Amino acid sequence: MSYAYLGPAGTFTESALLQVPGAADAQRIPASSVNVALSMVREGSVEAAMVPIENSVEGGVSATLDAIAQGEALQIVAEILVPISFVLAVRPGIDSLEQIKRISTHGHAWAQCRLWAEANIPQAAFTPASSTAAGALALEEAEPPHDAAICSPLVAQERGLKVLARGVEDNQGAVTRFILVTRPGKIPAPTKVDKSTLILPLPEDRPGALMEILEQFTARGVNLSRIESRPTGQGLGQYFFSVDFEGHVADERVAAALSGLHRLSPELRFLGSYPAAEGVEPFVDAHNSDAAFSEARDWVKSLRERL
Ligand SMILES: O=C(O)C(=O)C[C@]1(C(=O)O)C=C[C@@H](O)C=C1
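Each value, and the rule that gives it
Residues numbered from 1 in each chain as written. Predicted model: local features only at pLDDT ≥ 70, side-chain atom pairs only at ≥ 80, totals over all residues. Heavy atoms only, no water. UniProt positions renumbered as here; feature names shortened; annotations may be inferred. Pairing = 2+ DSSP bridges. Helix = DSSP H or I, 4+ residues; strand = E, 2+ residues; numbered from the N terminus. Axes fitted to C-alpha atoms, helices over the stretch in contact; angles between N-to-C directions. Contact = heavy atoms within 4.5 Å. Domains from an automatic or database assignment. Buried area = accessible area lost by both parts, 1.4 Å probe. Salt bridge = Lys/Arg side-chain N within 4 Å of Asp/Glu carboxyl O. Polar contact = N/O pair within 3.5 Å; in protein donor to acceptor, adjacent residues only side chain to side chain. Nonpolar A, V, L, I, M, F, W, Y, C, P; charged D, E, K, R; others polar. Buried < 20%, exposed > 50% of the residue type's maximum accessible area, 1.4 Å probe, protein only. Core = buried A, V, L, I, M, F, W, Y, C linked by side-chain atoms within 4.5 Å.

An unreviewed UniProt entry lists the chain under the name Prephenate dehydratase, from Glutamicibacter arilaitensis. According to the UniProt record, the Pathway (unreviewed entry) comment for the chain reads "Amino-acid biosynthesis; L-phenylalanine biosynthesis; phenylpyruvate from prephenate: step 1/1." Listed under Catalytic activity (unreviewed entry) in UniProt, the entry text for the chain is "prephenate + H(+) = 3-phenylpyruvate + CO2 + H2O".

Q: Is there a simple way to explain the sheet that holds strand 6 (residues 87-90) in this structure?
A: By way of backbone hydrogen bonds, the strands of a sheet pair with one another, either parallel or antiparallel. The strand order 8-7-9-6-10 describes an open sheet built from 5 strands, whose pairing is mixed. Each end of this open sheet is capped by a strand with a single partner; those strands are strand 8 (125-129) and strand 10 (162-166). Taking the axes of each pair of neighbouring strands and ignoring which way they run, one obtains an average angle of 30° across the sheet. Across 4 bridges, the pairing between strand 6 and strand 10 is antiparallel. If you follow Ala-89 over to strand 10, its bridge partner there is Val-163. Its contacts with the sheet put helix 4 (residues 107-120) on strand 6, strand 7 (102-106), strand 8, strand 9 (148-151) and strand 10, and the angle it makes with strand 7 is roughly 130°.

Q: Would you take a moment to explain the domain arrangement of the chain for this structure?
A: Much of the literature gives interface size as the accessible area that the parts lose upon coming together. Per the domain assignment, the segments making up the chain are domain 1 (1-84 + 175-185), domain 2 (87-166) and domain 3 (187-307). Here the C-alpha centre of domain 2 lies 24 Å away from the C-alpha centre of domain 1. On the side of domain 2, 11 residues touch domain 1, which itself brings 15 residues to the contact. Each partner contributes to the roughly 1,000 Å² buried at the junction of domain 1 and domain 2, and carbon and sulfur atoms together form 66% of this total. For the interface between domain 1 and domain 2, the tally reads 0 salt bridges. The interface formed by domain 1 and domain 2 contains 3 residue pairs in polar contact (both at pLDDT 80 or more). Tallied by class, the residues present in the side of domain 1 that touches domain 2 amount to 7 nonpolar, 7 polar and 1 charged.

Q: Could you clarify how one ought to interpret the pattern of salt bridges in this entry?
A: Here the idea is simple: oppositely charged side chains can pair when their charged atoms come close. Per the counting criterion, the structure on display carries 16 salt bridges. Its salt-bridge partner being Arg-91, residue Asp-147 comes within 2.9 Å of it at the nearest N-O pair. Note that Asp-147 is positioned in the loop between helix 5 (132-137) and strand 9 and Arg-91 in the loop between strand 6 and strand 7, a separation of 56 residues in sequence. Residue classification places Arg-91 among the partly exposed residues on the basis of a relative accessible area of 24%. A salt bridge links Glu-212 to Arg-206; its shortest N-O distance comes to 2.9 Å. Residue Glu-212 is classed as partly exposed on the basis of its relative accessible area, which comes to 26%. You can call Arg-206 partly exposed: its relative accessible area is 30%. Salt bridges here are not isolated pairs; linked through shared partners, they connect Glu-54, Glu-79, Arg-177, Lys-195, Arg-226, Glu-228 and Asp-244.

Q: Would you explain the UniProt feature "domain: ACT" (unreviewed entry) in the chain in this entry?
A: UniProt feature "domain: ACT" (unreviewed entry): in the numbering of this structure it lies at residues 198-275. The span residues 198-275 carries 31% helix and 35% strand; its end-to-end C-alpha distance comes to 15 Å.

Q: What's the story with the sheet that holds strand 14 (residues 239-246) in this structure? I'm lost.
A: With antiparallel pairing, 4 strands are arranged side by side in an open sheet as 13-14-12-15. Both outer strands of the open sheet, strand 13 (224-231) and strand 15 (269-275), are each paired with one neighbouring strand and no more. Taking the axes of each pair of neighbouring strands and ignoring which way they run, one obtains an average angle of 15° across the sheet. Bridge count for strand 12 (residues 194-201) against strand 15 is 6 bridges, and the pairing is antiparallel. In the strand pairing of strand 15, Lys-195 is matched with Tyr-274.

Q: Would you mind going over the nonpolar core with me for this structure?
A: Buried together is how nonpolar side chains tend to be arranged in soluble globular proteins. Counting residues in hydrophobic clusters, the biggest one holds 35 residues, and the most contacted among them are Met-50, Leu-88, Ile-100 and Ile-103. Counting only elements with at least two residues in this core, the list comes to strand 1 (2-6), helix 1 (12-18), strand 3 (48-55), strand 5 (75-84), strand 6, helix 4, strand 9 and strand 11 (174-182). Three or more residues apiece are contributed to this core by two domains, here domain 1 (1-84 + 175-185) and domain 2 (87-166). Among all residues touching Ile-100, those that are not within four sequence positions of it are Leu-88, Val-90, Ile-94, Ile-121, Gln-123, Ala-124, Asp-147, Ala-148 and Leu-164. Judged by nonpolar contacts, the second largest core, of 23 residues, contains Ala-4, Ala-49, Ile-68 and Ala-69.

Q: So what exactly am I meant to see when it comes to the environment of Ile-179 here?
A: By secondary structure assignment, the location of Ile-179 is in strand 11. Relative accessible area serves as the criterion here: at 0%, Ile-179 is assigned to the buried category. C-alpha of Ile-179 to C-alpha of Met-50: the two residues are 129 residues apart in sequence and 5.7 Å apart in space. Aside from chain neighbours lying at most four places away, what touches Ile-179 is Ala-49, Met-50, Val-51, Ile-53, Thr-64, Ile-68, Ile-76, Ala-78 and Glu-79.

Here's what the structure looks like:
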């Protein structure tokens, strides 16, 4: 297998990729952005890409949500959770927080450390980096573009960077969720603790359209674990929904919800069913069980045989 990931080496995304069985010994290609990593999958130069999708503090990663919603179809085959903690690394010559005039990190990391930064380095101007590791590696340049970077403890240790503060995140226990993306192909087998992801354009701008969509899940007892709206880019007020829910397309209740959704929103995109990284087998009411669906289908079939 060959994998692309949001690089350079030392990103949290690489830590996520290293959790995939076999990835440590496989070809791993760092990409300069989420878009580049996903393009490599689309054009076939790698078989899969690991990209961040959601952080427990900062929410959805827009670059990923948008890139997988549009363009050539892709499929999610796995999810990985990584606990997030940051350190403040500095360039040579910086010995105190007061000396930091310029700081860089990934926008999502900055958002998770904003209160700490306001309280401890209010004088520092922020420049976004393409990833936490990219911001950290720039500290090694002959003339670093910034004085400090917020990055993972691992990259600071591996590169021998000077660390002035640890645990600079505003919320301890933060977690980022990453997804492993391939071209559409075989769907991973159900494990009983699965998740599925959909992109749902709202069919029409009219009262109750979102309610009708949500009813498809409610009526079959399918539990949503994430729902976000993103602009389509086509004009003000035009949105699609990015939705994760518990269950697998092999589950009858999920299949029934999907067919209801397809009737309401024929342009929907099914992004895959894959093992959930954590959680318990969802509780399913007897009337939403596979057996109840198949019995009901047989009953209707028997009626229609009398036509
Ligand atoms: O910059 C990195 O190290 C990444 O892997 C990206 C990313 C993100 O997009 O949220 C991943 C985890 C952290 O939440 C901060 C940054």
